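# Report on the structure
Residues per chain are reported as follows:
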Amino acid sequence: MIRTLLIIILISLSFVSCSNEKKKTSFNIGVSQCSDDAWRRTMNEDIRREASFYAGLNVTIKTAYDSNQRQIRDIESFIADRVDLIIVSPNEAVPLTPVIEKAMGEGIPVILVDRKISSGNYTAFVGADNYQIGIEVGVYAANLLNGKGKIIEIRGLEGSTPEKERHEGFISVIKSYKEIQVIADDFGNWLRKDAKERMHGILKQNPRIDLVFAHNDEMAIGAYEALKVHNGIKLPVMLGIDALSTPDGGIQQVINGVLDATFIYPTGGEKAVQTAYNILNNKVFEKENMLYTAVVDKTNARVIKLQTDQIHQHQYRIGQLNEVLDKNLAEYATQRTLLFASFVILILFMALILLLIRTVQHKNKTNKLLEAQNAAINKQKEAIAEQRDQLITLSKNIEDATQAKLVFFTNISHEFRTPLTLLLGPLENIMKNEKLSEEGNRLALLMRKNVQVLMKLIEQIIEFRRYENGKMQMYFTLSDLKVFINDIYDSFYELSKKKHIHFDYSASTDDFIVWFDSDKMEKICYNLLSNAFKFTPENGNINIRLSTILKDNERYARIVVSDDGKGIPEQHLNLIFNRYYKIDRLSSGSGIGLELTKVLVELHNGTIEVESAEGKGSVFIVTIPYRQSDIAVTEEYPVLNASLDNKKEEITMLESNVEIKEEYQKSSKPLVLIVDDNADIRVFMKSLLQDGFEIIEADNGQSGLYKAMKYVPELIISDVMMDVMDGFELCSQVKENISTSHIPVMLLTACAQDEQRVVGFESGADAYIPKPFNEELLKIRVRKIIENREKVKAYFQQNLTFGERKESVAEIDKTFIEKFRRIVEENIIETDLNVDEIGQRLGLSRVQLYRKIKSLTNYAPNELIRIIRLKAAEQSMLNTEKSISEIAYDTGFSSPSYFTKCFKEYFNESPTEYMKRVKN
């Protein structure tokens, strides 16, 4: 009995020993922090807390206290201890690079947090995009200062990557504002004390400051403390980075009024531990883990503080629950060991069963408690998610409303411009070619004048649409402002004679070579002079004066438009630049001219002022700088006056719903496809182009695509806004279809906004001309596009390659020709290689292949196959010692005699003569 009991005990002990040997996998992680500031301490807390959620992760944290040498020693000690992974926040990039690369060489993964090294030899990076944060701070600061002010920048530790990237991002924005200056900067080394000392020194030299930007909240607080000491200095706007939720952190300082705003800079501690866990367990991980930022100011600081405090409370509770769970699990392990001992000692068997029952009950109770806590946390998460979804929905609704407004203006523009094109063109043609009576000519001039007035009103609406959405482009040119205004003066001179108004223009003898946008400057002068003539009575006076003034050591051109009309009452002077404002509600006009003028002047970085007294006239003073800080260099197609002076044929107007008749027959003229849902426009376009081109028509994009694939024209001219399929989609479909991708597409439309022009070019358009258009410009563009295609074909025929002209051929077409050539060369020995087989391999019918090859190269497919064979034969003659017969058969010719015939036709000499010439 005793012997049996001993055997049972030994077996049980052996089983317990084996079970104890099955331990969970354990990993040691070394963390090297560069400093001991509040942000790093918060990161350490995040690392420890996140690590507690993963069984077997043991974390050791060492701090270098801003010493490169100490941090190197810390990392060396981790390498010597053979830790499983190292997390490093480098003090400086260059000094720390070798020791980190050494760890990588030893096979120890390295995760960089917040800062990078000078090489890419690391396992993963977790941190925010410091350059982007610098940009966002710059934009925020510029908006607070309204584009004007003096800034002091307190930078971090010199040489550290966050300091460099935040500075570069911030300066990249600020330098674009001419009236914002960074008057001083210094390094605060991330510390409040150092920043305070540097700020004292800066204030002695620069007592007037509008804004202080510190690279972290600690330095921002130090700068604030220095400012408080200096009496008589107005406190500037204080900006920082980190937005820690600690009692002395950035969020609390915003609430206290010490900081005006701080930008959230996530510590990345949780993400670093999560990435480390994935690396150690051979799971998928991202090498570059970029964290995002947001601004915290007085509008949201309290809400964010409340949310972070609640999150910290929940995290603390979860930590407590984890401790309880760990304690319970430890108790469970002990009880399991006791169970095995009880099994050995039979007399404790029943007691062990009861203990197990109690353990299971206790575990269930604990699980229920955890489930209740998790349910509460999930409920709060759902509430936060619901608030987030509401904000997203609100943002989307605002965006949808904005887009609806944009579409409205675009459609209105399209609807107005198209009929105006059909009014102005035929009207000017009639005035030019028809013999009208004196009364008829007067009425025609009146009609043309009012069409042009309506066009100007439409342009003003479109200008406001561009300005409101930040899409207005400035195209500055260096021109003579004196000559420019003299031309405007001449255009108003006849009006002054008709109204019996004394109109005078004078300019000083100064040089007036100024950077300005001629289109916008014309609108400025036109609006001011139109108002002057409108409100000046007969025998009144209107004067334009141009002079030069100096302001802040910069030269400015000063344009003064004065009149002695009825003037503006004093109570209205501050309101006349408001939109839709009119002094006399019964007077004509839209009320947007002066506001548009003010906007256009400000886009020139200038100012506009008004001086007036009721009954004594008005004086408008425009001042613009000679130089512009930012010159927009963009390509813009010239939009000429939409006159139709050169029209030679009378247009036969058709009903808009008339069916398009297909009258195309093959001819020597280039074939042009016109796609427009307006029948009048198609008739007008056909009358312009039919002398030099064969014309076919389609009334929507879908029909146009079908005819493009059927007839393969030399050029497609298409409207943009059409039913069934619009012009953008047609252009995209044409460029993506292998049988039509080579056809140039010209978009001709009333949609003249820059963003729509961008969409047109992105869809593959070769040209984009807005309505109303100049017929000569249209003809020239059409002729040049077709001439360029013919030059490409001629070059290919001569060289059998596109050579330097490859940029004139779409990538899909270059690939197509190369694939055709490759198929022929791979099967060059095959005498029965035919067009049908090649077309099948290229996915085209025989007819489609013929049209495609002919359009690109001016060769028929069989001709191109024969030329490729001849070129291969020529290379064989030059590089081998084969006979002419061997070469003929090797290159797929059916007989040497046929090869000789083809060779002589192409090279103008027989193969024998060629070989003698090149080998002698």
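Residues numbered from 1 in each chain as written. Predicted model: local features only at pLDDT ≥ 70, side-chain atom pairs only at ≥ 80, totals over all residues. Heavy atoms only, no water.

This paragraph deals with the overall build of the protein. Looking only at helices and strands, the protein has 28 helices and 24 strands in total. The buried share among the 920 residues of the protein stands at 46%. Of the contacts formed within the protein by residues at least 6 apart in sequence, a portion of 70% connects residues at least 24 apart. Surface summary for the protein: the accessible area is close to 48200 Å², and the carbon and sulfur share equals 52%. (Helix = DSSP H or I, 4+ residues; strand = E, 2+ residues; numbered from the N terminus. Buried < 20%, exposed > 50% of the residue type's maximum accessible area, 1.4 Å probe, protein only. Contact = heavy atoms within 4.5 Å. Areas by Shrake-Rupley, 256 points an atom, 1.4 Å probe, with all protein chains shown as cover.)

Here the focus is the packing of helix α22 (residues 811-826) against helix α25 (residues 861-879). Packing of α22 against α25 brings their axes to within 10 Å, and their N-to-C directions diverge by 55 degrees. Taken together, the axes of α22 and α25 are oblique relative to one another. Viewed along their axes, α22 and α25 form a crossing whose handedness is right-handed. For the pair α22 and α25, contact is made by F820, R821, V824 and E825 and by P861, L864, I865 and I868, respectively. (Axes fitted to C-alpha atoms, helices over the stretch in contact; angles between N-to-C directions. Parallel < 35°, antiparallel > 145°, perpendicular 65-115°, else oblique. Left-handed = near helix turned anticlockwise from the far one by under 90°.)

Before going further, it helps to spend a moment on the nonpolar core. Judged by nonpolar contacts, the single largest core of 41 residues is most densely connected at I29, L85, I87, I111, V137 and L239. Ranked by residues supplied to this core, first place goes to helix α5 (residues 130-145) with 6 residues. Formed by 40 residues, the second largest nonpolar core is a distinct cluster that contains I542, I559, V622 and I624. (Core = buried A, V, L, I, M, F, W, Y, C linked by side-chain atoms within 4.5 Å.)

Here we come to the pattern of salt bridges. Going through the model one piece at a time under the given rule, you end up with 29 salt bridges. The partner of E76 in a salt bridge is K102, with the nearest N and O atoms 2.8 Å apart. Linking E76 in helix α3 (residues 68-80) with K102 in helix α4 (residues 93-105), this pair joins segments that are 26 residues apart in sequence. E787 is the salt-bridge partner of R783, the closest N and O atoms lying 3.6 Å from each other. With R783 and E787 both in helix α21 (residues 775-799), this residue pair falls 4 residues apart, about one helical turn. Each of R192, K196, E218, E225 and D248 takes part in salt bridges that share partners, so that together they form one network. (Salt bridge = Lys/Arg side-chain N within 4 Å of Asp/Glu carboxyl O.)

Our next topic: the pairing of strand β11 (residues 288-291). Along β11, the buried face is formed by N289 and L291; none of E288 and M290, which line the opposite face, is buried. Here strand β5 (residues 124-128) runs beside β11; their pairing, made up of 4 bridges, is parallel. The partner of G127 across the bridge, within β11, is M290. (Pairing = 2+ DSSP bridges.)

Attention now moves to a nonpolar patch on the surface. Taken together, the side chains of F343, F349, M350, I353, L354 and I357 define a hydrophobic patch exposed on the protein surface, amounting to about 580 Å² of accessible area. In terms of residues, the nonpolar patch owes the most to one element, helix α12 (residues 349-433), which gives 5 residues. Here I357 shows up in helix α12. Judged by its relative accessible area of 43%, I357 falls in the partly exposed class. (Patch = residues over 30% accessible without salt bridge, like charges linked within 9 Å, V, L, I, M, F, W, Y side chains within 5 Å.)

Honestly, that's just the spatial picture; any functional story needs more than this.
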